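Residue strings, one per chain:
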Amino acid sequence: MPATPDRATVTVCRGCCCGTDAKVPRLDHAEQLAALRAGAAAHGGRVRVVDCLDACEQANVVVVSPSPAGRAAGGRPVWLGMVNDPGGADDIAAWLADGGPGLAEPPGVLDLYAFTPSRRLRAQLDD
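Residues numbered from 1 in each chain as written. Predicted model: local features only at pLDDT ≥ 70, side-chain atom pairs only at ≥ 80, totals over all residues. Heavy atoms only, no water.

Draft legend 1. Representation of the overall build of the chain. Looking only at helices and strands, one finds 4 helices and 5 strands in the chain. In the chain, the succession of helices and strands from N to C terminus is β-α-β-β-α-β-α-β-α. Computed over the C-alpha atoms, the radius of gyration of the chain is 13 Å, within 12% of the 14 Å expected from 2.2 N^0.38 for a compact globule of 127 residues. Overall, the chain is about 40 × 30 × 25 Å in size when its C-alpha atoms are taken along their principal axes. Looking at the chain as a whole, 44% of its 127 residues are labelled buried. The long-range share in the chain, meaning contacts at least 24 apart out of those at least 6 apart in sequence, stands at 71%. (Helix = DSSP H or I, 4+ residues; strand = E, 2+ residues; numbered from the N terminus. Rg over C-alpha atoms; globule rule 2.2 N^0.38 Å. Buried < 20%, exposed > 50% of the residue type's maximum accessible area, 1.4 Å probe, protein only. Contact = heavy atoms within 4.5 Å.)

Structural data, given as structure tokens:
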């Protein structure tokens, strides 16, 4: 299913800390990114990779943004930090399959990853 504008977007930080063995050892970062891309694509979503979301203490950072329908239903971007378990990508894909933010509750395990970034960081992602 091709990416469509009516589906959720997954933003993956891959800068100075996120996605590096120096900061997060024992995780295949390329495999994690491939799993996120496959999971999003399977549900019409998209993954975008950014250099740095400036939340390095939470590496690896992933932000799941709602689709337009999810935003209309009250969904807002959900920031996930320390997504350093190989199964994290599967949990995110399962959420996207259900509709993502605003349309479905995230799998319970994702609550463990959720954090609230500063207003400045949230605004930076919206730009």
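Draft legend 2. Region of interest: the packing of aromatic side chains. Scanning the model with the defined rule gives 1 aromatic pair in all. Their ring planes at 80° and their centres at 5.9 Å tell us that W79 and F115 sit as a pair that is edge-to-face. Of this pair, W79 sits in strand β4 (residues 78-80) while F115 is found in strand β5 (residues 114-115), placing the two residues 36 residues apart along the sequence. (Phe/Tyr/Trp six-rings, centres within 6.5 Å; stacked < 30°, edge-to-face > 60°.)

Draft legend 3. Examining the packing of helix α1 (residues 29-41) against helix α3 (residues 88-98) more closely. For the pair α1 and α3, interaxial distance at closest approach is 9 Å and the crossing angle is 15°. Relative to α3, the element α1 lies roughly parallel. Crossing geometry of α1 relative to α3 is assigned as right-handed. Residues Q32, A35, L36, G39 and A40 of α1 form the contact with α3, whose own contacting residues are A89, I92, A93 and L96. Taken together, the residues that form the contact of α1 with α3 break down as 7 nonpolar, 2 polar and no charged. (Axes fitted to C-alpha atoms, helices over the stretch in contact; angles between N-to-C directions. Parallel < 35°, antiparallel > 145°, perpendicular 65-115°, else oblique. Left-handed = near helix turned anticlockwise from the far one by under 90°. Nonpolar A, V, L, I, M, F, W, Y, C, P; charged D, E, K, R; others polar.)

Draft legend 4. Highlighting the sheet that holds β4. A sheet is described by the order of its strands in space; here 5 strands give the open sequence β2-β1-β3-β4-β5, paired in mixed fashion. What marks the edges here is a single partner per strand, and that holds for β2 (46-50) and β5. α1 rests against β1 (9-13), β2 and β3 (62-65) of the sheet, and its axis sits at about 145° to β2. Docked against the sheet, α3 engages β1, β3 and β4, running at close to 5° with respect to β3. (Pairing = 2+ DSSP bridges.)

Draft legend 5. Here's a closer look at α3. Every buried residue of α3 is listed here: G88, A89, I92, A93, W95 and L96. When α3 is viewed along its axis, its buried side chains cluster within an angular range of 160° and face the same direction. Turned more than 90 degrees from where α3 packs its buried face, D90 and D98 sit exposed. (Arc of directions from axis to C-beta.)

Draft legend 6. How the structure looks around the environment of D111. With respect to the helices, strands and loops of the structure, D111 is situated in the loop between α3 and β5. Judged by its relative accessible area of 53%, D111 falls in the exposed class. Residues D111 and R71, spaced 40 residues apart in sequence, show a C-alpha to C-alpha distance of 19 Å.

Draft legend 7. Examining the side chain of S67 more closely. With respect to the helices, strands and loops of the structure, S67 is situated in the loop between β3 and α2 (68-72). Leaving out residues up to four positions away in the same chain, S67 has contacts with D6, R7, A8 and L103.

Draft legend 8. Empty space enclosed by the protein, seen in detail. Within this structure, the stated rule accounts for 1 cavity of 30 Å³ or more. When its volume is computed, the largest cavity comes out at roughly 40 Å³. Here the lining of the largest cavity is composed, by residue class, of 3 nonpolar, 4 polar and 1 charged. (1 Å grid on protein atoms, 1.4 Å probe; cavity = no way out; pocket = protein on both sides within 12 Å on 5 of 7 lines; lining within 4 Å. Points joined across faces, edges and corners; volume = space filled by probe spheres on them.)

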